[in-house]
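Coordinates in review
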Amino acid sequence: EDKVVQSPLSLVVHEGDTVTLNCSYEVTNFRSLLWYKQEKKAPTFLFMLTSSGIEKKSGRLSSILDKKELFSILNITATQTGDSAVYLCAVYGGATNKLIFGTGTLLAVQP
Amino acid sequence: NAGVTQTPKFRILKIGQSMTLQCAQDMNHNYMYWYRQDPGMGLKLIYYSVGAGITDKGEVPNGYNVSRSTTEDFPLRLELAAPSQTSVYFCASSYDGAGNTIYFGEGSWLTVV
């Protein structure tokens, strides 16, 4: 069965800290891995990763994929309270060629 | 810039009642999806459609039905609502079925009591 597992489930940090969120997967017919940020409403797209070892970066956020070890990490440096959200990892692929979501990591950034 | 529009945003249903969640997109996307998200969980695919007249089951289709008579609309029907269907429902659409081009609606909060 295709699955995507995220860790930790939740995380509390202080402003300025650096956090690393993990996503591992077992998905047949892997095509891409995606990260989303969800703040009480619909998920918003952050990154799509298809190749191992190539870092995607956007401001203080960055992400990398390891297709050999079947995982990805999302790094957030110098965290701000506005980074508080649920971060979802999803893998596009599987038997039905669709997005398979992990349970998410709830990040709370305290002032 | 309407994008993906879902209605209603909030609804309380009694056990056994039926209702339809409406979803419309104005981007001429072929692919449309319905997801549900339970508290503390990721999104699970209920049904999807790759074009008008074509629908297929996702991971958790039981208790739901869909139709896709037009490219724009993809309603989700709940028959005989059960407490287990209390969830947040997201409709989404995409041009080519790839994850980075998926657009989500704002969500519909449904409570079954």
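Relevant structure appears above.
Structure report, in brief. Treat the numbers as computed from the prediction; the structure is a model and nothing was measured. (Residues numbered from 1 in each chain as written. Chains lettered and ligands numbered in written order. Predicted model: local features only at pLDDT ≥ 70, side-chain atom pairs only at ≥ 80, totals over all residues. Heavy atoms only, no water.)

Points about the sheet that holds strand β3 (residues 19-26) of chain A
All names here are of chain A. Taking strand neighbours across the sheet as the criterion, the five strands line up as β1-β3-β8-β7-β6 in an open arrangement whose pairing is antiparallel. For this open sheet the edge positions go to β1 (3-7) and β6 (56-58), each flanked by a neighbour on one side alone. Here the average twist between neighbouring strands, direction ignored, is 15°. (Pairing = 2+ DSSP bridges. Helix = DSSP H or I, 4+ residues; strand = E, 2+ residues; numbered from the N terminus. Axes fitted to C-alpha atoms, helices over the stretch in contact; angles between N-to-C directions.)

Looking at the state of the cysteines
All names here are of chain A. Applying the stated rule across the entire model yields two disulfides over all chains. Through a disulfide, Cys23 is tied to Cys89; the S-S separation comes to 1.9 Å. Judged by the sign of its S-S torsion, about -70°, the cystine formed by Cys23 and Cys89 is left-handed. Highlighted residues: Cys23 in strand β3 and Cys89 in strand β9 (residues 85-93), separated in sequence by 66 residues. (Disulfide = S-S within 2.5 Å.)

What to know about the interface of chain A and chain B
Chain A puts 17 residues into the contact, and the matching count from chain B is 19 residues. Of the roughly 1,500 Å² buried between chain A and chain B on both sides combined, carbon and sulfur atoms contribute 64%. Across the chain A-chain B interface, the total number found is one salt bridge. For the salt bridge of Glu106 of chain B with Lys41 of chain A, the shortest nitrogen-to-oxygen distance reads 3.3 Å. Counting across the interface, chain A meets chain B through two residue pairs in polar contact (both at pLDDT 80 or more). Broken down by secondary-structure element, the contributors of at least two residues to the side of chain A that touches chain B are β4 (32-38), β5 (44-49), β9 and β10 (98-101) of chain A. The residue makeup of the side of chain A that touches chain B, split by class, is ten nonpolar, four polar and three charged. (Contact = heavy atoms within 4.5 Å. Buried area = accessible area lost by both parts, 1.4 Å probe. Salt bridge = Lys/Arg side-chain N within 4 Å of Asp/Glu carboxyl O. Polar contact = N/O pair within 3.5 Å; in protein donor to acceptor, adjacent residues only side chain to side chain. Nonpolar A, V, L, I, M, F, W, Y, C, P; charged D, E, K, R; others polar.)

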